[in-house]
Amino acid sequence: MAKKDPWRIGVAGLGTVGAGLLNLLSERPRFAPTGDQLSVTGVSARSRSRPRPFDISNLPWFDDPVALAASTDNDLFVELIGGSDGPAKVAVETALKAGKPVVTANKALIAEHGQELAALAEQHGAPLLFEAAVMGGTPAVKMLREAMVGDEVEAVAGILNGTCNYILTEMEASGRDFAEVLAEAQRLGYAEADPTMDVGGFDAAHKITILAALAFGCAPTYAAAEVDGIDQVELLDIRLAKQLEYRIKLVASAVKSASGVSVTVHPALVPLDHPLAGAGGPLNALFIHGRKIGRIFIQGPGAGAGPTAAAVAADIADVIAGASRPVFQAPAKSLKPFAPVVARRQVGRAYVRLLVKDQPGVIAAVSETLAEAGVSIDSFLQKPVENAGGVPIVLTTHDAREDVIGEAVRRMALLPAVTQPPRMIRIARI
Ligand SMILES: NC(=O)c1ccc[n+]([C@@H]2O[C@H](COP(=O)([O-])OP(=O)(O)OC[C@H]3O[C@@H](n4cnc5c(N)ncnc54)[C@H](OP(=O)(O)O)[C@@H]3O)[C@@H](O)[C@H]2O)c1
């Protein structure tokens, strides 16, 4: 990038992250290691009159973020609006087509349109950077895009949604059920009014899709992710898992094998002594497995104005320093979508919990159902916690194909003594 003095920045989106960025830039306008001066020369949001935690009265205002992206009054466009489509996408496309560097925190946009935007960026010689899109202030994107390129990454797995992690942590700590803790998280501003993206696992799926693309040099293929959220996680299972020395976490993982790439998000049991089990509250955490490097573990804030703005600023510093790598690990046109490996055909262990009538022969019937399917039992929980809806039977299986365990669980539901549909939760392989 040619030397500019100052660097003129357009910021679209003045919410949590946009506000954090404007504060950071006003406090440290020369934060970039190159020492260049940075100056905000245009801002855009929905409402000009909304009270903001900083003064925007002296900043040129754009009603339309696309006009800001096209304006020749800025050299670098920062998109902090959000959403996979709509104004965020059009504005980013507009800036890239003008050859203008773009920094965004928008995981939905990158996970769903990453390849076409990368192609546009490369065609017009404009960097497209998105460190803040995954794990907020914790540097996962640069880790994979830069630090790990000398190795072959075999898997990435972790906790990528702070809202879900907060809810699960609170359910365990306070003994309250999902709905109650979610309502409190909404009151405290930790969860959105419409929590579907978070609790449905879709936000984590966007993030793991991006990490998988960076890790394996594929096109981001959001549609190939298998997604299950935490909305069906019951307090009873959190308690029973703990008795078995596990903690339930929403685990996002991307694993490369000879047959392709599997990208999944689902609740999973993690051993209590595993570092992921120790990442509580809104924290994010990630394991990266490299063929030569081995296992790397990072943990930190996945959201919040300060941490996320710091990640955006790190990308701005890269633009100023002249960063020019392919957006993913190879030229955009050569990227292939993931060849998805269907998770249900994968082998793993599972936790199964049933509620049954207290009558003789039930355990034998359950064991028989699993044996008929060829699934062997690893352990039965001897004295499960009391529960009003029936007597809990809890078991863990040895390795078996997920769909085979699933079918056995469906057959267990038909046993006369079973009072509610059984719950199956995978045991994480991390
Ligand atoms: N919050 C986090 O901790 C975090 C962490 C990592 C990544 N991210 C990502 O960062 C991005 C921004 O998130 P956020 O939490 O800062 O969102 P937010 O608080 O909801 O702020 C969104 C901003 O975009 C503006 N906006 C919405 N529609 C617009 C439009 N059509 N034209 C112009 N401006 C528009 C809003 O304007 P008004 O203020 O006038 O309503 C608001 O200022 C998202 O992609 C998100 O996924 C957020």
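### Some thoughts on the overall build of the protein
In step 1: Secondary structure summary: the protein contains 14 helices and 17 strands in total.
In step 2: Against the compact-globule benchmark of 22 Å for 430 residues, the protein has a radius of gyration of 24 Å, which places it among compact chains.
In step 3: Summarising its shape, the C-alpha atoms of the protein cover approximately 80 × 45 × 35 Å along the three principal directions.
In step 4: Within the protein, buried positions represent 54% of all 430 residues.
In step 5: With the model as given, the accessible surface of the protein reaches about 18000 Å², and the carbon-plus-sulfur share is 52%.
In step 6: Across the protein, the 41 positively charged side chains and the 46 negatively charged ones have centroids separated by 3 Å.

### So, the packing of aromatic side chains
In step 1: Tallied over the full model, the rule gives 3 aromatic pairs.
In step 2: Between tyrosine 166 and tyrosine 190, the ring centres sit 4.7 Å apart and the planes meet at 70°, which makes this aromatic pair edge-to-face. Of this pair, tyrosine 166 sits in helix α6 (residues 162-174) while tyrosine 190 sits in the loop between α7 (178-187) and α8 (196-199), placing them 24 residues apart in sequence.
In step 3: Since its relative accessible area comes to 9%, tyrosine 166 is described here as buried.
In step 4: An angle of 35° between the planes, with centres 4.7 Å apart, marks the rings of phenylalanine 287 and phenylalanine 297 as tilted. Of the two residues, phenylalanine 287 is situated in strand β11 (residues 283-290) and phenylalanine 297 in strand β12 (residues 294-301); the sequence distance between them amounts to 10 residues.
In step 5: Overall, phenylalanine 297 belongs to the partly exposed group, its relative accessible area being 32%.
In step 6: Over the aromatic face of phenylalanine 130 sits the side chain of arginine 145, whose NZ or CZ is 4.8 Å from the ring centroid.

### Observations regarding helix α13 (residues 362-373)
In step 1: Spanning 12 residues, α13 covers 17 Å between terminal C-alpha atoms, matching the ideal 16 Å at 1.5 Å per step.
In step 2: Buried residues along α13 sit in contact with β13 (347-356), β14 (377-380), β15 (391-397) and α14 (402-412).

### Quick notes on the pattern of salt bridges
In step 1: For the structure on display, the rule yields 23 salt bridges.
In step 2: We note a salt bridge from lysine 89 to glutamate 93, for which the minimum N-O separation is 3.0 Å. Of this pair, lysine 89 and glutamate 93 both sit in helix α3 (residues 87-97), separated by 4 residues, roughly a single helical turn.
In step 3: Given a relative accessible area of 14%, lysine 89 falls into the buried group.
In step 4: Here glutamate 93 falls in the buried class, since its relative accessible area comes to 16%.
In step 5: Across the salt bridge formed by lysine 142 and aspartate 315, the nearest N and O atoms sit 2.8 Å from each other.

### Things to note about the site of the ligand
In step 1: What surrounds the ligand is a group of 23 residues, the closest being Leu14, Ser47, Arg50, Arg52 and Gly304.
In step 2: A distance of 2.7 Å separates an oxygen atom of the ligand from a polar atom in the backbone of serine 47.
In step 3: Within the contact set of the ligand, an oxygen atom lies 2.7 Å away from a backbone nitrogen or oxygen of glycine 304.
In step 4: When the free accessible area of the ligand is taken as 890 Å², the share hidden by the protein chains comes to 80%.

### Things to note about the pairing of strand β9 (residues 246-257)
In step 1: With 4 bridges joining them, strand β7 (residues 153-159) and β9 adopt antiparallel strand pairing. Among the inter-strand pairings, alanine 157 is bridged to a residue of β9, identified as serine 253.
In step 2: Both β9 and strand β10 (residues 260-271) contribute to a ladder of 12 bridges, which runs antiparallel. Its bridge partner being in β10, alanine 252 is matched across the sheet by valine 265.
In step 3: Linking two consecutive strands that pair antiparallel, namely β9 and β10, is a turn of 2 residues.

### Re the pairing of β15
In step 1: In terms of burial, β15 is a largely internal element, 6 of the 7 residues being buried.
In step 2: For β13 and β15, the ladder comprises 6 bridges, and the chain directions are antiparallel. Note on β15: the bridge partner recorded for valine 352 is leucine 395.

### Some thoughts on the environment of leucine 335
In step 1: Note that leucine 335 resides in the loop between α12 (305-321) and β13.
In step 2: Sequence separation of leucine 335 and alanine 119 is 216 residues, and the distance between their C-alpha atoms is 9.8 Å.
In step 3: Those residues in contact with leucine 335, other than ones at most four positions away along the chain, are Gln115, Gly217, Cys218, Ala219, Phe328 and Ala330.

### What to know about the environment of lysine 256
In step 1: Along the polypeptide, lysine 256 turns up in strand β9.
In step 2: For the pair lysine 256 and proline 340, spaced 84 residues apart in sequence, the C-alpha separation works out to 9.5 Å.
In step 3: Here lysine 256 is in contact with Val153, Glu154, Phe216 and Val261, once residues within four sequence places are set aside.

### With respect to the environment of isoleucine 167
In step 1: For isoleucine 167, the position within the fold is in helix α6.
In step 2: Under the relative-accessibility criterion, isoleucine 167 is labelled buried at 0%.
In step 3: Spatially, the C-alpha atom of isoleucine 167 lies 29 Å from that of valine 261, the residues being 94 residues apart in sequence.

### Observations concerning the packing of α6 against helix α10 (residues 235-243)
When two helices pack together, you describe them by how their axes are tilted relative to each other and by the distance separating the axes.
In step 1: At a closest axis distance of 10 Å, the pairing of α6 and α10 adopts a crossing angle of 75°. By the criterion of interaxial angle, the relationship of α6 to α10 is roughly perpendicular. Here Leu168, Met171 and Glu172 of α6 come into contact with α10, specifically with Leu235, Ile238 and Lys242.
In step 2: Here the residues of the contact of α6 with α10 sort into 4 nonpolar, no polar and 2 charged.

Parameters and conventions
- Residues numbered from 1 in each chain as written.
- Predicted model: local features only at pLDDT ≥ 70, side-chain atom pairs only at ≥ 80, totals over all residues.
- Heavy atoms only, no water.
- Helix = DSSP H or I, 4+ residues; strand = E, 2+ residues; numbered from the N terminus.
- Rg over C-alpha atoms; globule rule 2.2 N^0.38 Å.
- Buried < 20%, exposed > 50% of the residue type's maximum accessible area, 1.4 Å probe, protein only.
- Areas by Shrake-Rupley, 256 points an atom, 1.4 Å probe, with all protein chains shown as cover.
- Lys, Arg positive; Asp, Glu negative; His and termini not counted.
- Charge placed at Lys NZ, Arg CZ, Asp CG, Glu CD.
- Phe/Tyr/Trp six-rings, centres within 6.5 Å; stacked < 30°, edge-to-face > 60°.
- Lys NZ or Arg CZ within 6 Å of the ring centre and 35° of its normal.
- Expected span 1.5 Å × (residues − 1).
- Contact = heavy atoms within 4.5 Å.
- Salt bridge = Lys/Arg side-chain N within 4 Å of Asp/Glu carboxyl O.
- Near = heavy atom within 4 Å.
- Polar contact = N/O pair within 3.5 Å; in protein donor to acceptor, adjacent residues only side chain to side chain.
- Pairing = 2+ DSSP bridges.
- Axes fitted to C-alpha atoms, helices over the stretch in contact; angles between N-to-C directions.
- Parallel < 35°, antiparallel > 145°, perpendicular 65-115°, else oblique.
- Nonpolar A, V, L, I, M, F, W, Y, C, P; charged D, E, K, R; others polar.

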